[in-house]
Amino acid sequence: MLLDRVDELADGVSALIEREEPAYGGGDPVSHQDLRDANRLNMVAILSQLAGVPGPGLASPAETGRKRAEQGMPIAAVLRAYRIGTGYVWEKLTEVAGKDPETAQALLALATDVWGLVDDYSQALTSAYQETIAERMRRDVQAKDAALDALLTGGLVEGSRLFDCATMLRLPHHGTFAVVAASARPAEDAVPGVEGALAWRGVRSAWRVERDGQVGVVALTEAVPIDQLCEHLRAHASGRVGVSAPYTGLDATHLAARQARLAVAATPPGDRGVVRYDDAPVPILLASAPEPAAELVDATLGDILALPERERGVLLKTIDAWFAAKGEPSAAGEKLHCHRNTVRYRLNRVAELTGREVSDPVDAVEIYLARLAHRLAGGVAASRRSPARRTG
């Protein structure tokens with residue numbers, strides 16, 4: 001009976017698999033003893049079921065599938081080894097049956113059942129393998145999310161944990177980095193395929209999707225410094241993108257994340273572009289203090305924002321054109337397609353409503369900052385408080 005020779009058979013099939021399947025030939029990650037133990041258990045299961053005696057049944061191939069998945073063995077190699085093993089057992093069965101015509105006839109009659117059993121065992125192995133890989137991927141995603149969250153929130157204390165997070169995210173332990181925050185509409189990728197595109201250029205990065213976009217840590221290189229990164233983002237982003245100042249030391253990632261998010265907030269909603277934290281000090285200043293900025297809008301532009309839509313729009317566009325033309329009425333008129341005197345008339349109206357003259361440097365600064373803050377807030381009209389006008 002073959003069950004009595006199972007140790008001998010396990011040795012024989014293990015040697016055959018190591019000879020026929022290259023993935024098992026080097027002893028890594030599956031050692032010879034590991035392979036032999038699995039072969040023995042699977043042969044006991046199959047032979048016990050054929051003999052009608054209790055055995056491990058489908059638990060045996062399932063355990064093999066789980067273990068090989070954890071070891072990182074390719075499923076194709078695992079199934080090939082399984083086919084080699086079952087073929088070996090069938091060959092031994094036919095050798096035993098060949099000496100007895102009656103037994104050979106019985107084995108032939110059972111051939112369909114035998115190979116059906118082999119299919120069941122192969123399916124059990126495959127299912128367990130796939131379930132283990134899926135669970136492993138879920139664990140990896142969760143671990144990477146936790147590592148990235150620790151970097152972005154500053155939840156790192158010990159240097160060893162910092163290195164562990166970098167290793168988990170496949171980021172270098174040392175180098176120059178930048179944090180990117182990208183805003184997008186719901187169900188839309190802020191920067192489609194960004195991680196793969198950067199990897200193709202030799203740049204390591206780690207990203208996660210957030211409620212209103214994406215955020216990522218990018219390891220800059222000599223070939224892709226901060227300027228090149230911004231060019232790539234500008235070409236592929238679907239909405240607003242903020243980029244932190246470059247920094248060294250992953251322990252400063254949480255500070256850079258705040259910079260990147262402020263840079264996004266320093267771009268008016270609906271715009272599409274890339275803002276670097278160190279290139280936009282005035283918008284960043286307003287974005288970092290949203291409540292005082294809103295109060296400035298209300299106090300300075302409150303009466304203008306309370307006007308009917310058409311008149312409000314004309315005056316706001318005139319303010320924008322005036323500053324864009326560096327205070328030159330004729331140039332502003334060209335932008336607005338009107339006469340310079342019309343520009344002056346509208347600016348006088350602005351002065352009446354705001355209590356501020358654009359010709360006065362201090363007043364002009366207040367109007368400019370209020371208008372910029374209004375745009376960063378999405379052009380939302382201020383609450384109707386009485387504007388703080390100045391007289392005299």
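Residues numbered from 1 in each chain as written. Predicted model: local features only at pLDDT ≥ 70, side-chain atom pairs only at ≥ 80, totals over all residues. Heavy atoms only, no water.

Undergrad: I'd like to hear about the overall build of the protein, residue by residue, with values.
TA: A tally of regular secondary structure across the protein gives 16 helices and six strands. In terms of overall size, the protein is more extended than a compact globule, its C-alpha atoms giving a radius of gyration of 35 Å where 392 residues would be expected to give roughly 21 Å. The principal-axis extents of the C-alpha atoms in the protein amount to approximately 120 × 40 × 35 Å. In the protein, buried positions account for 43% of the 392 residues. Partitioning the intrachain contacts of the protein with sequence separation of at least 6 by distance along the chain shows that 69% fall at a separation of at least 24. (Helix = DSSP H or I, 4+ residues; strand = E, 2+ residues; numbered from the N terminus. Rg over C-alpha atoms; globule rule 2.2 N^0.38 Å. Buried < 20%, exposed > 50% of the residue type's maximum accessible area, 1.4 Å probe, protein only. Contact = heavy atoms within 4.5 Å.)

Undergrad: Give me the lowdown on the pattern of salt bridges, citing residues and values where you can.
TA: This model, assessed by the stated rule, comprises 20 salt bridges. Across the salt bridge formed by Arg80 and Glu21, the nearest N and O atoms sit 3.1 Å from each other. With Arg80 in helix 4 (residues 75-97) and Glu21 in the loop between helix 1 (6-20) and helix 2 (32-51), the pair connects residues that are 59 residues apart, well separated along the chain. Arg208 is the partner of Asp149 in a salt bridge, and the nearest nitrogen-oxygen pair spans 3.0 Å. In this pair, Asp149 sits in helix 6 (residues 111-153) while Arg208 sits in strand 2 (residues 205-210), placing the two residues 59 residues apart along the sequence. (Salt bridge = Lys/Arg side-chain N within 4 Å of Asp/Glu carboxyl O.)

Undergrad: Give a description of the packing of helix 3 (residues 59-71) against helix 6 that names residues and reports values.
TA: Relative to each other, helix 3 and helix 6 sit at 35 degrees, their axes nearing to 7 Å. For the element pair helix 3 and helix 6, the recorded crossing hand is right-handed. When helix 3 is examined against helix 6, the residues Pro61, Ala62, Thr64, Gly65, Arg66, Arg68, Ala69 and Glu70 are found in contact with a partner set consisting of Tyr121, Ala124, Leu125, Ala128, Tyr129, Thr132, Ile133, Arg136 and Arg139. The residue makeup of the contact of helix 3 with helix 6, split by class, is nine nonpolar, three polar and five charged. (Axes fitted to C-alpha atoms, helices over the stretch in contact; angles between N-to-C directions. Left-handed = near helix turned anticlockwise from the far one by under 90°. Nonpolar A, V, L, I, M, F, W, Y, C, P; charged D, E, K, R; others polar.)

Undergrad: Explain the packing of helix 13 (residues 309-324) against helix 16 (residues 361-376) residue by residue, including any values.
TA: Between helix 13 and helix 16, whose axes approach to 11 Å, the crossing angle comes to 120 degrees. Classified by the interaxial angle, the pair formed by helix 13 and helix 16 is oblique. Here helix 13 runs over helix 16; the crossing is left-handed. For the pair helix 13 and helix 16, contact is made by Leu316, Ile319, Asp320 and Phe323 and by Ala364, Ile367, Tyr368, Arg371 and His374, respectively. Class assignment for the residues of the contact of helix 13 with helix 16 results in six nonpolar, one polar and two charged. (Parallel < 35°, antiparallel > 145°, perpendicular 65-115°, else oblique.)

Undergrad: Would you mind going over the nonpolar core in detail, with residue names and values included?
TA: Among the nonpolar cores identified, the biggest contains 31 residues, and Ile17, Tyr24, Met43, Leu47, Met73, Val78 and Tyr121 are the most heavily contacted of them. In this structure, Val78 is in contact with Tyr24, Arg68, Met73, Leu125 and Tyr129, ignoring residues within four places of it in sequence. In this structure, Leu347, Leu353, Val358 and Ile367 belong to the second largest nonpolar core, which totals 24 residues. (Core = buried A, V, L, I, M, F, W, Y, C linked by side-chain atoms within 4.5 Å.)

Undergrad: Summarise the side chain of Asp34; cite the residues concerned and give the values.
TA: In this fold, Asp34 is placed in helix 2. Since its relative accessible area comes to 10%, Asp34 is described here as buried. In this view, Asp34 contacts Lys67, Arg68 and Gln71; residues no more than four positions away in its chain are not counted.

Undergrad: Tell me about the confidence of the model for the protein, and name the residues and values.
TA: Across the protein, the average pLDDT comes to 86, with 93% of residues at 70 or higher. Note on residues 382-392: pLDDT is under 50 here. Beyond four places in sequence and across chains, it has 23 contacts. (pLDDT = per-residue confidence, 0-100.)

Undergrad: How would you summarise helix 2 if you had to cite specific residues and measurements?
TA: Over its 20 residues, helix 2 extends 28 Å from the first C-alpha to the last, a length consistent with the 28 Å expected when each residue adds 1.5 Å. Here helix 2 has its buried residues at Asp34, Leu35, Arg36, Ala38, Asn39, Asn42, Met43, Val44, Ala45, Ile46, Leu47 and Ser48. Positive phi shows up at Gly52, right after helix 2, with a value of about 75 degrees. (Expected span 1.5 Å × (residues − 1).)

Undergrad: Got a sec to walk through the pairing of strand 4 (residues 240-243)? Specific residues and values, please.
TA: Burial of the side chains of strand 4 extends over both faces: Arg240 and Gly242 are buried on one face and Val241 and Val243 on the other. In this structure, strand 1 (residues 176-183) lies alongside strand 4, joined through three bridges in antiparallel fashion. Considered in strand 4, the bridge of Val180 is made with Val243. Strand direction decides the pairing type here: strand 4 and strand 6 (residues 273-276), joined by four bridges, are parallel. Considered in strand 6, the bridge of Arg240 is made with Gly273. (Pairing = 2+ DSSP bridges.)

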